[in-house]
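These are the residues of each chain, in order.
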Amino acid sequence: MYLSKITYSPAHRAEMVKALTQHRNLFHEHQMIWNLMPQDADASRDFLYRKDESERYPFYYLLSERQPDQVPDFLQVQSKAFSPQLIDGGHYGFSLRANAVVTRKVDDTSKRRIRRDIVDAKVDEYKQGFPIAEDRPPSAVIHHEAGEKWLSAQGKKHGFQLRDLSVSNHQLHKHQNKASSGHRQFASLDFDGILEITQPEQFVQSMYSGRSNPDPKNAALVRGLGRSMAFGCGLMLIRKA
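Okay, so let's go over this structure. (Residues numbered from 1 in each chain as written. Predicted model: local features only at pLDDT ≥ 70, side-chain atom pairs only at ≥ 80, totals over all residues. Heavy atoms only, no water.)

Things to note about the nonpolar core
- Counting 31 residues, the largest nonpolar core has Phe94, Leu96, Trp150, Leu151, Phe191, Phe203 and Met236 as the members making the most contacts within it.
- Secondary structure elements with two or more residues in this core: β5 (91-98), α3 (118-129), α4 (139-158), β8 (160-175), β9 (184-197), α5 (200-208) and β10 (236-240).
- Sequence-distant contacts of Leu151, defined by excluding residues within four places in its chain, comprise Phe94, Leu96, Phe160, Leu162, Leu165 and Phe191.
- Counting 15 residues, the second largest nonpolar core, distinct from the first, contains Ile6, Met32, Met37 and Phe74. (Core = buried A, V, L, I, M, F, W, Y, C linked by side-chain atoms within 4.5 Å. Buried < 20%, exposed > 50% of the residue type's maximum accessible area, 1.4 Å probe, protein only. Helix = DSSP H or I, 4+ residues; strand = E, 2+ residues; numbered from the N terminus. Contact = heavy atoms within 4.5 Å.)

Take a look at the structure:
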């Protein structure tokens, strides 16, 4: 496994500006990341990435099974081997952008299921319980309640417990690829805080293992946390608290 930081290179300003414009489209952004990987026509997606816009120019964190080696002039890539050694009971800061959804039945008589963004689903719950808008809590409270419930459930599956949590930046994204006649869309939430590792081996295997994982159903590198992993969601970054 490799953890990489990908930055734009101002030394190639014309190419960089063109790329920054193109990469506002999530499909083109995804293609940029994909094209960094060693060329292999039979390869499936074996990476997760996260866009960060906290600096003058955006940059990316990339977790991949293969080390990037096809780097165009307008990008710079710094990679290092990634093999986390986590402590049972250890506390770690984390950051995650996720397309978090819940799956629900259409009605009591149907087997059909629909996926809903967790914030939209929570808002609907409050609308049913509190028809008057003034009686409902502020948006930030609803976002936090929905996010905490969803991420706590993820922790039970992946070997961690939440100790502190901030939920922010509920954002709608639209994308369109070359073969699509219309736009698709999804929502993301940003999660930041402190977690406690309760099952280190399970956490590492399910969060950061690649295709060599003996149980591919738990390979979150391939699945990510939540959905829309191909478009910058699902990668949990951790650090010592």
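A few points about the packing of α3 against α4
- One way to put it is that α3 packs onto α4 with a least axis distance of 9 Å and a crossing angle of 120 degrees. As judged from the angle between their axes, α3 and α4 are oblique. The two elements α3 and α4 meet at a crossing, and its hand is right-handed. Note on element contacts: α4 touches α3 through Ile142, His143, Glu145, Ala146, Gly147 and Trp150, opposite Ile118, Val119, Lys122, Val123 and Tyr126.
- Classifying every residue of the contact of α3 with α4 gives seven nonpolar, two polar and two charged. (Axes fitted to C-alpha atoms, helices over the stretch in contact; angles between N-to-C directions. Parallel < 35°, antiparallel > 145°, perpendicular 65-115°, else oblique. Left-handed = near helix turned anticlockwise from the far one by under 90°. Nonpolar A, V, L, I, M, F, W, Y, C, P; charged D, E, K, R; others polar.)

Structural notes on the sheet that holds strand β3 (residues 59-64)
- Ordered by their spatial adjacency, four strands build an open sheet running β2-β3-β1-β4, and the pairing between neighbours is antiparallel. The sheet is open, and its two borders are formed by β2 (47-52) and β4 (75-81), each paired with just one other strand. When the angles between neighbouring strand axes are averaged without regard to direction, this sheet yields 20 degrees.
- Of the pairings in the sheet, the one linking strand β1 (residues 2-8) to β4 comprises seven bridges and is antiparallel in character. Bridge assignment links Tyr8 to a residue of β4, and that residue is Leu75.
- Relative to the sheet, helix α2 (residues 26-36) contacts β1, β2, β3 and β4, its axis offset from that of β2 by approximately 125 degrees. (Pairing = 2+ DSSP bridges.)

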